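Now for the letters of each chain:
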Amino acid sequence: MFSSQWWVWRSFTIVIFLWAFGGSALVAASNKAVDVYAAYESSVYQVKIIEIASGSQNSLGTGFVVMEGNVLATNYHVISAKVFEPEKYRIEIERDNQKIVLDILAVDVVSDLAIVAPVASKINLGKPFDLQLELPEKGETLYSLGNPHDLGMTVVEGTFNGLVEHRFTEQIHFSGPINSGMSGGPVVSDEARVVGVNVATSGNQIGFLVPVKALYQLIQRYQQYLQSKEQEAGQGHTYEATKTLDSQTPIEASLLAVLPTRADFPDKTDALLKSIGQQITSHTTAMIDAAIDSHWSVNAMAEATVKSSDLPWLECWGDSNKNKKLKINTISRGCHSGSNVYLGAQFNSGFIEYEFLYFEAKLWPSYSAYQYLARDTANAMPANRGPKKQLGAYQCVNREVVNQYHVTSRVSYCLRGYKKFENVYDAFYMAVSVDKEKQAVMSHFTLSGVTKDSAQRFLTHFLEVVAWP
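Residues numbered from 1 in each chain as written. Predicted model: local features only at pLDDT ≥ 70, side-chain atom pairs only at ≥ 80, totals over all residues. Heavy atoms only, no water.

Novice: Go over the state of the cysteines, please, and point to the residues and values.
Specialist: Counted according to the given criterion, the structure contains two disulfides. Between the sulfur of Cys-316 and that of Cys-335 lies a disulfide, 1.9 Å long from S to S. Taking the sign of the S-S torsion, 105° for the link of Cys-316 and Cys-335, the bridge is right-handed. Here Cys-316, found in strand β18 (residues 315-323), pairs with Cys-335, found in strand β19 (residues 328-336); they are 19 residues apart in sequence, far enough to count as distant. (Disulfide = S-S within 2.5 Å. Helix = DSSP H or I, 4+ residues; strand = E, 2+ residues; numbered from the N terminus.)

Laid out in structure tokens, this is it:
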């Protein structure tokens, strides 16, 4: 039962959240929200993911009409179940009490976008939204459309607060409540032009939108694909051959001999999965290149130094602890790229993280210090834990390595392949210095969704970031 504060209109519900003060401003804002809703109510749909065997809905989201009126835009995460298990799920919308089954046309997993269309391609879904490529002025009122918690189509008024800072991938900060089920819905200006797509919330009226520029680019790429389809004669995407790494450092070269190849995995990839794999590695390669090319500042950690990138989207945090009871001193510092690429349920990728731990126990016998460190690092795990059906097992090499600053470390370097994506890997690195009797520096990184080549370049760089002054 809806409360008396909600309006019921044409079997839909409009919920309007207002921050304006004064009666006239309240009425004006309310009228504008009603106008926006009235203009495009028939062009916004609830998107359902149906589990075929049970006939029950698995997840819900929102989509809106774009292009020529027969295509919907939504979030990738709304329809991701269909990507990995196409025989188990179907995508549905409903119009005039008729169910319409949709197919996936293209996705942008990095921006979390997808475009879908009816399997019966001649169905017209309504008036397409116009896209506003230029960003609004900060403080401008926007209207978010969607279907929160399966309650009915809703309009939420909020404020544009610019792009989120310290992100490698652009997102818009929207001050307004975005709730479950609104994902994939349009966020429009006073002129009902789309400026962003609902994607996430952190609560307390802090919402995040995908800038519509990313949707425009996805549509452009899909249209170019259609134009070239006949010329390509069904060959689909082309990919660079895997680069030969025989001339790389010994630790990497020895690992290549034991890594599984794509042929070792039974799952077959289609054109969509190949495209997703390429999107992930293009994203992470760009991040790794930017990180390596950036300035790395020297940070003191007691009697050691470590280097960290100055890039603002690689945010770093630290702590220290002098344990008087155990008579040990620890200092920690960790950095992370801040956001992941969602691929599927409990399956994230597309990030960089690294960390350092300085350990000192000057009053301990040296063998006790190393035993303590060994126990402390024995259960170290990579930051991302995806499902086994999507990821191969880690293959590792263990070496003793001396860097250019004469720091001797015991190093473990591991890679695992993604079963459904070609040339996509997670890299895990752990090293502990062994050249001081009662002091050590532990260094670690996880690279998620990378090529072997980009992982090797980061490894080569990271081996040189620890020093004893």
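Novice: Talk me through the environment of Leu-145; I want residue IDs and the actual numbers.
Specialist: Here Leu-145 lies in strand β10 (residues 141-146). Taking relative accessible area as the criterion, Leu-145 reaches 1% and is therefore assigned buried. Linking Leu-145 and Val-36, residues 109 residues apart in sequence, is a C-alpha distance of 9.5 Å. The contact partners of Leu-145, leaving out residues within four places of it in the chain, are Val-36, Val-44, Thr-62, Thr-154, Val-155, Met-182, Gly-185, Pro-186, Val-188 and Asn-198. (Buried < 20%, exposed > 50% of the residue type's maximum accessible area, 1.4 Å probe, protein only. Contact = heavy atoms within 4.5 Å.)

Novice: Could you give an account of the sheet that holds strand β8 (residues 113-118), with specific residues and numbers?
Specialist: Around the barrel, which closes on itself, the six strands sit in the order β3-β4-β5-β8-β7-β6 with antiparallel pairing between neighbours. On average, each strand axis in the sheet is tilted by 40° relative to the strand beside it, whichever way the strands run. Sheet topology note: the strand β4 (residues 56-66)/strand β5 (residues 71-74) ladder contains three bridges and is antiparallel. Opposite Phe-64, over in β5, you have Ala-73 as the bridge partner. In the packing of helix α2 (residues 76-84) onto the sheet, contacts are made with β3 (44-51), β4, β5, β6 (89-95), β7 (98-108) and β8, and the angle to β7 comes to roughly 95°. (Pairing = 2+ DSSP bridges. Axes fitted to C-alpha atoms, helices over the stretch in contact; angles between N-to-C directions.)

Novice: So what's going on with the packing of α2 against helix α5 (residues 271-293)? Residues and values would help.
Specialist: Between α2 and α5, whose axes approach to 11 Å, the crossing angle comes to 125°. Classed by the angle they form, the pair α2 and α5 counts as oblique. Our pair here, α2 against α5, has a crossing hand that is left-handed. Facing α2, whose interface residues are Tyr-76, Val-83 and Phe-84, α5 presents Leu-272, Leu-273 and Ile-276. Across the contact of α2 with α5, the residue classes tally to six nonpolar, no polar and no charged. (Parallel < 35°, antiparallel > 145°, perpendicular 65-115°, else oblique. Left-handed = near helix turned anticlockwise from the far one by under 90°. Nonpolar A, V, L, I, M, F, W, Y, C, P; charged D, E, K, R; others polar.)

Novice: Summarise the packing of α5 against helix α7 (residues 452-462); cite the residues concerned and give the values.
Specialist: For the pair α5 and α7, interaxial distance at closest approach is 10 Å and the crossing angle is 20°. The orientation of α5 relative to α7 falls into the category roughly parallel. The element α5 and its partner α7 pack so that their crossing is left-handed. Counted together, Thr-285, Ile-288, Asp-289 and Ile-292 of α5 and Ser-454, Arg-457, Phe-458 and His-461 of α7 form the full contact between these two elements. When grouped by side-chain class, the residues that make up the contact of α5 with α7 number three nonpolar, three polar and two charged.

Novice: Summarise the sheet that holds strand β26 (residues 439-450); cite the residues concerned and give the values.
Specialist: Spatial strand order, β18-β19-β22-β26-β25-β24-β23: seven strands in an open sheet with antiparallel pairing. Only two strands of the sheet have a single partner each, and these edge strands are β18 and β23 (395-402). Going from strand to strand, the sheet's axes swing by 10° on average, the running direction of each strand aside. Sheet topology note: the strand β25 (residues 425-433)/β26 ladder contains eight bridges and is antiparallel. Residue Tyr-429 lies in a different strand from β26, and its bridge partner there is Phe-445. Across the sheet, α7 lies against β22 (351-360), β24 (408-417), β25 and β26, angled at about 160° from β26, the strand it touches most.

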